[in-house]
Amino acid sequence: MSLALAHKRRVIAQGSAAASASATPATYSPAAALNSPANAQKHLKLMEVALAGDLDRLHQLNSLDQRQQLKRSELLPKYQDYVTRYRESGLNFPNQVLVYVLIWLFDTGEFVAGHELADFAMSQGQELPERFRRDIPTFVADAVIEWAEAEERAGRSPEPYVTDLLPRVDGEWKLFERIPARYHRLLGLLAMSRKDWAAAVTHLERAEVLYPEIRVETRLKGARKALAKQQAQSSDPTTAAIATQLDVAQQATDTEEDAGDGTE
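Our subject in this report is the structure included herewith. Keep in mind that what you see is a predicted model, and the values were worked out from it rather than measured.

## Examining the overall build of the protein
Piece 1. Scanning the protein from terminus to terminus reveals 11 helices and zero strands.
Piece 2. Helices (α) and strands (β) of the protein occur, in sequence order from the N terminus, as α-α-α-α-α-α-α-α-α-α-α.
Piece 3. Expressed as a percentage of its 264 residues, the buried residues of the protein come to 36%.
Piece 4. Intrachain contacts of the protein at a sequence separation of at least 6 include 56% that bridge at least 24 residues.

Written out as C-alpha cells, the structure is:
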C-alpha cells in the first residue's frame, strides 16, 4: 500500500469517528442535568417526583408550625440549588419546582428572596399551580399584606415591606381593588400610630377610593380632625390653646358620661 493511500484511509477513518461522536446525544447525568434542553426535561421529571412526595408529607401535617418548619429547614435547602442552576442555565420552560420554592419563600417570610424569585418567575411567564387560582402578582401581594396585618395586630412593624411593595400593588400590577386598598388602610393605621396625620389621611382616603367597603370612615374622620388641629396649632398658638382646653373639657365630659352609664 502506498503512503498516499494509507494517509487517505486514516483521514477517512478519523472523519467517520468524529462524525459518529458528534451524532451521539449528550448522556444524561445529574451534574449535566441543565446542559441541554433534553437533559433539563429529564431532570425536571425526577425533581417533580421528589416534589410530589414532599407535598404529600406537608399535607399530612396538621400543624402550621410543623409545615413551616419542614419548609424552612428541609425543603427550601433541598430545592433551592436546583432553582439557582435553572436560573443560570438560560432555559425557559414551565417549572413547578421553581414555583413551589417561590411559594414556600413567602410562606416562611423570606420576602427578599421571594420577591427576587417572583420577578424572575414573572419574567418567564411561570404560573402557579391551578389550585391557587391566582397569578403570581396576586399571590405575592396577598401573602405580604396578610403577614403585615398580623404583624401590626401583634404590635410589630411590618415595614419596610408594605411601603416597598406599594408602587407595584397600586400601580404596576393589575389587581382586584381590595388588595391595594388593604395596603393603604394598613399604611394609614401605621401613620396614625406615629401621629403622621397628613400621611394617614392620604392613605385612608386612597383606600376608600379604591374599595369603599374597606370601612375606614371612623379612622379617616379621626385623622382629619387630628390633622386640622395640628395645622391650627402650627399657624395660631391662641387657637391651639383653646382647642386643647376644649379637648380636655370634652374628655372630662365623656368620662362622666361613661361613669354614669355604668351605674344602675
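## Description of the pattern of salt bridges
Piece 1. Counted by the stated rule, this structure contains 14 salt bridges.
Piece 2. For the salt bridge of R134 with D142, the shortest nitrogen-to-oxygen distance reads 3.0 Å.
Piece 3. Judged by its relative accessible area of 10%, D142 is buried.
Piece 4. With a shortest N-O distance of 2.7 Å, R182 and E149 are connected by a salt bridge. One end of the pair, R182, is in helix α8 (residues 178-193); the other, E149, is in helix α6 (residues 136-153), with 33 residues separating them in the sequence.
Piece 5. Classification of R182 as buried rests on a relative accessible area of 11%.
Piece 6. The network of salt bridges with common partners includes D54, R57, E74 and K78.

## So, the layout of surface pockets
Piece 1. Each pocket or cavity is described by its volume, and for the largest pocket that value is around 470 Å³.
Piece 2. Around the largest pocket sit 21 residues that line it, and L64, Q68, K71, I103 and D107 are the ones nearest its centre.
Piece 3. Breaking the lining of the largest pocket down by element, the ones donating at least two residues are α2 (37-59), α3 (64-89), α4 (96-107) and α6.
Piece 4. Ranked by the residues each element gives to the lining of the largest pocket, the list is headed by α4, at five residues.
Piece 5. For the lining of the largest pocket, a count of residues per class yields 12 nonpolar, three polar and six charged.

## Some words on the environment of A226
Piece 1. In this fold, A226 is placed in helix α10 (residues 217-235).
Piece 2. On the basis of relative accessible area, A226 is assigned to the buried category, the value being 18%.
Piece 3. Separated by 29 residues in the primary sequence, A226 and W197 place their C-alpha atoms 6.5 Å from one another.

Basis of the calculations
Every chain is numbered independently, its residues counted from 1 as its sequence is written. In keeping with the model being predicted, local features are shown solely for residues with a pLDDT of at least 70 and side-chain atom pairs are shown and tallied solely at 80 or more, while totals for entire chains, interfaces and linings include all residues. In computing side-chain values, all of the structure's heavy atoms are included and hydrogens and water are not. Strands are runs of DSSP state E lasting at least two residues, helices are runs of H or I lasting at least four, and both sets are numbered from the N terminus onward. Note on classification: 1.4 Å probe, protein chains only; a residue is buried when its accessible area is under 20% of the maximum for its type, exposed when over 50%, partly exposed between these limits. Between two residues, a contact is recorded if the distance between any of their heavy atoms is within 4.5 Å. What counts as a salt bridge is simple: a side-chain nitrogen of Lys or Arg found within 4 Å of a carboxyl oxygen of Asp or Glu. A 1.4 Å probe that fits but cannot get out identifies a cavity on a 1 Å grid over protein atoms alone, an open set with protein on both sides within 12 Å along at least five of seven lines counts as a pocket, and a residue lines either if it has an atom within 4 Å of a point. Grid points are joined across faces, edges and corners, and a volume is the space filled by probe spheres set on the points. For this scheme, ten residues count as nonpolar: Ala, Val, Leu, Ile, Met, Phe, Trp, Tyr, Cys and Pro. Four count as charged, namely Asp, Glu, Lys and Arg, and the remainder, Gly too, count as polar.

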